[in-house]
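Residues per chain, in single letters:
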Amino acid sequence: MKITQETKDLLIDKMNIIKTPGKADICLVGPVNLPVEQGDFSTVFQWYTWLQLEGADNDKDTVLDSLSEANLAFGQQSSVLVYGDFKKSEDALVRMHSICHTGDIFGSKRCDCGYQLHQSMKMIAEHGCGAIFYLADHEGRGIGLFSKSLAYLLQQEGYDTVEANEALGFEDDTRSYEGAIRVLRELRKDPVTLITNNPKKLDALMKHGLTAKDHIPLWGGLTEDNSFYLDTKVKKSGHIPKKKPTLIV
């Protein structure tokens, strides 16, 4: 069934085709008013999502006409939550958050991902301006959910998180931030402050074009179940906490 022109007219202005020489086009959609509630925290974010397009000379009509045949339910798309006047504010916080099915959705305490996601929302709302990029295809630092389950089994046998990924034939970290940085540039030109515990991640992002002036840490959610995992991130992945987190028992 084809999308009518009336429907297109309602959507076209909320779509933007990002073109970069030598790169696949990206279709950015939004903003959508998205009320969010996490415990006693509630606010309204502006939600965008994006899709990497195939081929050249893409336009908005073509994207909409091909939507029902694109099988997007069988892939992953990234998105971003924006708060405040992100485009013009002098100072904005940004969290590049990798999808974590177990931590973000199930509330698993084997990692601190769910804590970091929800705490980032609070930090940005309290700050008054910022964005959380929720990045698809980043599960398990880029190995996928199925492989992550195998890595977890190895971790139960004593492997740390880096050793488990490498034992399965992966590099420790295979994530790409290229699309996220291109979307960030579309939404904001001025430098941002990155929410991360990993200075190496900040350096890597800046080498790929991120305009950032600083980073601030986000430690918390330490439990007996994830203490070894967090310690490994400090010792092997370059994470540097400013203060020792308090263990939650």
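A quick note: this is a predicted structure, and the numbers were derived from the prediction, not measured. (Residues numbered from 1 in each chain as written. Predicted model: local features only at pLDDT ≥ 70, side-chain atom pairs only at ≥ 80, totals over all residues. Heavy atoms only, no water.)

## Concerning the pattern of salt bridges
Tallied over the entire structure, the rule returns eight salt bridges. Where lysine 8 meets aspartate 61, a salt bridge forms, and the shortest distance between an N and an O atom there is 3.4 Å. Linking lysine 8 in helix α1 (residues 5–11) with aspartate 61 in helix α2 (residues 60–65), this pair joins segments that are 53 residues apart in sequence. The class for lysine 8 is buried, based on a relative accessible area of 8%. On the accessibility criterion, aspartate 61 (34% relative accessible area) is partly exposed. Between arginine 175 and aspartate 173 there is a salt bridge, with its nearest N and O atoms 2.6 Å apart. A residue is classified by how much of its surface remains accessible, and arginine 175, at 22% relative accessible area, is partly exposed. By relative accessible area, aspartate 173 is classed as partly exposed at 34%. Through salt bridges that share partners, Lys8, Asp61 and Asp65 make up one connected network. (Salt bridge = Lys/Arg side-chain N within 4 Å of Asp/Glu carboxyl O. Helix = DSSP H or I, 4+ residues; strand = E, 2+ residues; numbered from the N terminus. Buried < 20%, exposed > 50% of the residue type's maximum accessible area, 1.4 Å probe, protein only.)

## Let's talk about the confidence of the model for the protein chain
Mean pLDDT over the protein chain works out to 85, with 87% of the residues at or above the 70 mark. When mean pLDDT is compared element by element in the protein chain, strand β4 (residues 78–83) scores highest at 98, while helix α10 (residues 227–237) scores lowest at 54. Segment residues 243–249: pLDDT under 50, and 11 contacts once partners within four positions in sequence are set aside and those in other chains are kept. (pLDDT = per-residue confidence, 0-100. Contact = heavy atoms within 4.5 Å.)

## Some points on the packing of aromatic side chains
Applying the stated criterion across every chain yields a total of two aromatic pairs. The ring centre of tyrosine 152 lies 4.1 Å from the NZ or CZ of arginine 110, which sits over that ring. Here arginine 188 stacks its cationic end above the ring of phenylalanine 86, 5.7 Å away from the centre of that ring. (Phe/Tyr/Trp six-rings, centres within 6.5 Å; stacked < 30°, edge-to-face > 60°. Lys NZ or Arg CZ within 6 Å of the ring centre and 35° of its normal.)

## Some remarks on unusual backbone geometry
Residues glycine 30 and proline 31 are joined by a peptide bond in cis, for which omega reads 5°. Along the chain, proline 31 falls in strand β2 (residues 26–38). Phi at asparagine 71 takes a positive value of approximately 55°, unusual for a residue other than glycine. Looking at where asparagine 71 falls in the secondary structure, it is placed in the loop between α2 and β4. Asparagine 71 sits in the exposed class, given a relative accessible area of 52%. At aspartate 137, a position not held by glycine, the phi torsion is positive, near 60°. Turning to its location among the elements, aspartate 137 is positioned in the loop between β6 (130–135) and α5 (139–142). Take aspartate 137: its relative accessible area is 55%, and that puts it in the exposed class.

## Comments concerning the pairing of strand β5 (residues 93–98)
Successive residues of a regular strand alternate their side chains across the two faces of the sheet. Judged by how many residues are buried, β5 sits mostly within the fold: six of six residues are covered. With two bridges joining them, β5 and strand β7 (residues 192–195) adopt parallel strand pairing. The residue of β7 that forms the bridge with valine 94 is leucine 194. (Pairing = 2+ DSSP bridges.)

## Section: the side chain of threonine 196
On the secondary structure map, threonine 196 appears in the loop between β7 and α9 (199–207). By relative accessible area, threonine 196 is classed as buried at 3%. When near neighbours in sequence (up to four residues on either side) are disregarded, threonine 196 contacts Arg95, Lys201, His215, Ile216 and Pro217.

## Let's talk about the sheet that holds β4
Ordered in space as β1-β2-β3-β4-β6-β5-β7-β8, the eight strands form an open sheet in which the pairing is mixed. Every interior strand has two partners, whereas the edge strands, β1 (15–18) and β8 (212–216), have only one. Averaged over all pairs of adjacent strands, the angle between strand axes in this sheet comes to 30°, irrespective of strand direction. Relative to strand β3 (residues 41–52), β2 is paired through 11 bridges, and the arrangement is antiparallel. Considered in β3, the bridge of glutamate 37 is made with serine 42. Its contacts with the sheet place helix α4 (residues 113–127) against β2, β3, β4, β5, β6, β7 and β8, and it is angled at close to 165° to β5. Against the sheet, helix α8 (residues 178–187) touches β1, β2, β3, β4, β5 and β6, its axis set at about 85° to β2. (Axes fitted to C-alpha atoms, helices over the stretch in contact; angles between N-to-C directions.)

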